Amino acid sequence: MQSSREIRCLKVGEIKLWKAELTYGVDFDVRVTAPIFVYLIRSGRELTLVDAGFRPNRAARINNSARGTLQLLQSALRRLSVEPDDIRNLVLTHLHTDHSAFIGKFKRARLFVQSKEVEFARNPLPTQAPFYDSDILETLEKSDAELIDGDKKLSDGIRLIHTPGHTPGSQSVSVKLDKSEFVICGDTIPMYHNWYPSRRRFGTAVALPRIPPAIHSDLNEWFRSCQKLDDVSGTMIPSHDPLLEDGAAFR
Ligand SMILES: [Zn+2]
């Protein structure tokens, strides 16, 4: 039977960055306006949301360009006639504040996060502390979130893949569509350039197998996660690439 699965990429905020924050050591002098997305997966009548929007915290507000509100998230969903209560599964690629701000608004959703991510959010590396918010962690700890250790089949055609390196509990979401497979990578792969380092159209062509994000907890783990993603015969969907358009649909 043909699947009726689709992925929609919804822009719910943005932040201006030096590109090298996303592509470690490459393109130091390039500014980018990085979009912040959530991803809605329709699988028959079941709705899964990957990530939960952005509300600039104190650290992000130092960067005046940071933009993200609950309203942006709600209106992005509403454009597809979806309300927060319609979401059945909420998957968090990780707990950085630009991926998890509004978890408390999805009251009827089952929440999925890696246990290693929760552990790290409680006691992050100093380089990563500004990206975690204690109130998000408190909301999560009060919820009955499912803490995952490793990979997990979420439902028919949707798989969670533990891809540590950006953070210890980063996970990606592979989605099988009619004719292809796509992987929502979170910040494991923030831009197409991270995955295709030699392609000039994405930035300076470099002879690396992959370009890591500058924000990382463990580069060995990150490269191993890339090998894991290589084994998925799918197309990567990055987390902050301006080439990815608001509303982009994969079917
Ligand atoms: Zn992140």
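All values derive from a computational prediction rather than experimental measurement.

> How should I be thinking about the pairing of strand β9 (residues 158-162) in this particular structure?
Both faces of the sheet carry side chains from a regular strand, because those side chains alternate between them. Counting buried residues in β9 gives four out of five residues, a clear majority hidden from the surface. Where strand β8 (residues 152-155) and β9 come together, three bridges link them in antiparallel fashion. Bridge assignment links K153 to a residue of β9, and that residue is R159. Between β8 and β9, which pair antiparallel and follow one another directly, the connecting turn spans two residues, one of which, G157, has a positive phi of 85°.

> I'm lost on unusual backbone geometry in this one. Help?
Outside of glycine, negative phi angles account for most residues, and trans bonds account for most peptide bonds. Phi at D51 is positive, roughly 75°, even though this residue is not glycine. Its location among the elements puts D51 in the loop between β3 (46-50) and α1 (58-61). You can call D51 buried: its relative accessible area is 0%. Phi at S81 takes a positive value of approximately 60°, unusual for a residue other than glycine. Inspection of the secondary structure puts S81 in the loop between α2 (70-78) and β5 (89-91).

> Is there a simple way to explain the packing of helix α4 (residues 115-122) against helix α5 (residues 134-142) in this structure?
Two quantities define a packed helix pair, namely the angle between the axes and the distance from one axis to the other. Across the interface, α4 lies against α5 with an axial gap of 10 Å and an inter-helix angle of 135°. Judged by the inter-axis angle, α4 sits oblique to α5. For α4 against α5, the interelement crossing comes out left-handed. Here V118, A121 and R122 of α4 come into contact with α5, specifically with L137, L140 and E141.

> Just checking my understanding: could you explain the packing of aromatic side chains for this structure?
A full pass over the atoms with the stated rule returns six aromatic pairs. Seen from their ring centres, F182 and F250 are 4.7 Å apart, and the 45° between their planes marks the pair as tilted. Of this pair, F182 sits in strand β11 (residues 181-184) while F250 sits in strand β13 (residues 249-250), and the two are 68 residues apart along the sequence. One exposure class covers both F182 and F250, and it is buried.

Parameters at a glance
- Residues numbered from 1 in each chain as written.
- Predicted model: local features only at pLDDT ≥ 70, side-chain atom pairs only at ≥ 80, totals over all residues.
- Heavy atoms only, no water.
- Buried < 20%, exposed > 50% of the residue type's maximum accessible area, 1.4 Å probe, protein only.
- Helix = DSSP H or I, 4+ residues; strand = E, 2+ residues; numbered from the N terminus.
- Pairing = 2+ DSSP bridges.
- Axes fitted to C-alpha atoms, helices over the stretch in contact; angles between N-to-C directions.
- Parallel < 35°, antiparallel > 145°, perpendicular 65-115°, else oblique.
- Left-handed = near helix turned anticlockwise from the far one by under 90°.
- Contact = heavy atoms within 4.5 Å.
- Phe/Tyr/Trp six-rings, centres within 6.5 Å; stacked < 30°, edge-to-face > 60°.

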